[in-house]
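Topology and contacts: notes
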Amino acid sequence: MEAIILLGAPGAGKGTVAEALVKKTDLQHVSTGDMLRAAVKSGTEVGNKARSFMEAGELVPDDIIVGIVRERLEAGADDERVMFDGFPRTLEQARLLDEAIQDLKGYLTHVFLLEVPKDILVQRISGRRICRQCGAVYHVPNLPPVKEGICDKCGGELYQRPDDNEETVLNRLKVFEEQTAALINYYEQQGILVRVDAARTADATRDAVLAEMS
Ligand code: AP5
């Protein structure tokens, strides 16, 4: 197993770049945010435990997160290439990921830090709209659907994530600074951190990541 990490503040474009990379590579997208939202929607035990943390913009406890990631990795093929999005988010998660990768005889090749100024982060999050049916992500006004409120791909209804309201967004940004930014130093010391200017278009950001990986 080989892995890369997309690290960045809420709204940095991790999910968008991940989807763009999936189209050009064999990387498997593993987003803890998406896994948790699916668990909340299906009302599983993990979802019920995670819901209140997510609604408040707080981190879900490490043991829950590491449990779902380990399960996902153990179910994957030995030679798969994984792209983490939104994981790890604490030093404890990073250490446990190192252990899990070691157990699977895999390695972490790159940690891409997507750098975006705070005013753009807020603008990206507040304009995000998601299709209820297929999960496609839009942005008003950066990437609007042809017909307002309707998904171009499947005709589904577009909605705003419950944690994308102003108060929760500000807390998510604070939580990133307080708990996740420490990972920058952690991976810099391992010599695998790559800083990427992600204030550009999603395609330009994707190409910068691909250039580093080639
Ligand atoms: P998660 O789903 O991971 O959210 P996040 O990190 O806050 O990141 P976002 O999804 O908000 O942003 P993104 O960087 O993916 O941006 P996107 O590409 O969508 O986590 C949600 C919650 O789950 C957390 O708060 C926590 O409670 C919990 N959680 C998840 N993982 C956890 C973990 N490991 N540990 C503990 N708790 C965890 O882009 C945003 C918008 O901008 C979109 O509308 C997009 O169209 C637009 N956009 C993107 N790129 C560009 C561009 N280049 N130009 C113009 N517009 C762009």
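See the structure shown above.
Read on for a plain summary of the structure. (Residues numbered from 1 in each chain as written. Predicted model: local features only at pLDDT ≥ 70, side-chain atom pairs only at ≥ 80, totals over all residues. Heavy atoms only, no water.)

**As for the sheet that holds strand β3 (residues 81-85)**
An order of β2-β3-β1-β4-β8 is seen for the 5 strands of this open sheet, with the pairing classed as parallel. Every other strand in the sheet has two partners, leaving β2 (28-31) and β8 (193-197) as the edge strands with one partner each. Neighbour-to-neighbour, the strand axes of this sheet turn through a mean angle of 25 degrees, independent of strand direction. Pairing analysis gives 5 bridges linking strand β1 (residues 2-7) to β3, with the strands arranged parallel. Residue pairing across strands places isoleucine 5 opposite phenylalanine 84, the latter belonging to β3. (Pairing = 2+ DSSP bridges. Helix = DSSP H or I, 4+ residues; strand = E, 2+ residues; numbered from the N terminus. Axes fitted to C-alpha atoms, helices over the stretch in contact; angles between N-to-C directions.)

**Re the packing of aromatic side chains**
Taken as a whole and assessed by the stated rule, the structure comprises 2 aromatic pairs. Taking 5.4 Å as the distance between ring centres and 55 degrees as the angle between the ring planes, the aromatic pair formed by phenylalanine 84 and phenylalanine 87 counts as tilted. Of the two residues, phenylalanine 84 and phenylalanine 87, neither departs from the other in class, the shared state being buried. With a centroid separation of 5.0 Å and an interplanar angle of 80 degrees, the aromatic rings of tyrosine 186 and tyrosine 187 are classed as edge-to-face. Judged by its relative accessible area of 18%, tyrosine 186 is buried. The exposure class of tyrosine 187 is buried, given its relative accessible area of 0%. (Phe/Tyr/Trp six-rings, centres within 6.5 Å; stacked < 30°, edge-to-face > 60°. Buried < 20%, exposed > 50% of the residue type's maximum accessible area, 1.4 Å probe, protein only.)

**A few points about the site of the ligand**
In the neighbourhood of the ligand, 33 residues make up the surrounding shell, with Thr16, Glu58, Arg89, Arg128 and Arg172 lying closest. One of the backbone nitrogen or oxygen atoms of glycine 13 is found 3.0 Å away from an oxygen atom of the ligand. Separating an oxygen atom of the ligand from a side-chain N or O atom of arginine 37 is a distance of 2.9 Å. The fraction of the free accessible surface of the ligand (1,000 Å²) that becomes covered by protein chains is 94%. Taken together, the elements giving at least two residues each to the shell around the ligand come down to α1 (14-24), α2 (32-42) and β6 (137-139). The element best represented in the shell around the ligand is α2, accounting for 4 residues. A per-class count over the shell around the ligand returns 12 nonpolar, 11 polar and 10 charged. (Near = heavy atom within 4 Å. Polar contact = N/O pair within 3.5 Å; in protein donor to acceptor, adjacent residues only side chain to side chain. Areas by Shrake-Rupley, 256 points an atom, 1.4 Å probe, with all protein chains shown as cover. Nonpolar A, V, L, I, M, F, W, Y, C, P; charged D, E, K, R; others polar.)

**With respect to the pattern of salt bridges**
In a structure, side chains of opposite charge can pair up when their charged atoms sit close to one another. Enumeration according to the criterion identifies 17 salt bridges in this entry. Between glutamate 157 and arginine 132 there is a salt bridge; the shortest N-O distance is 3.1 Å. Of the two residues, glutamate 157 is situated in the loop between β6 and β7 (158-159) and arginine 132 in the loop between β5 (128-131) and β6; the sequence distance between them amounts to 25 residues. Glutamate 157 sits in the partly exposed class, given a relative accessible area of 46%. Arginine 206 is paired through a salt bridge with aspartate 207; the nearest N and O atoms lie 3.0 Å apart. (Salt bridge = Lys/Arg side-chain N within 4 Å of Asp/Glu carboxyl O.)

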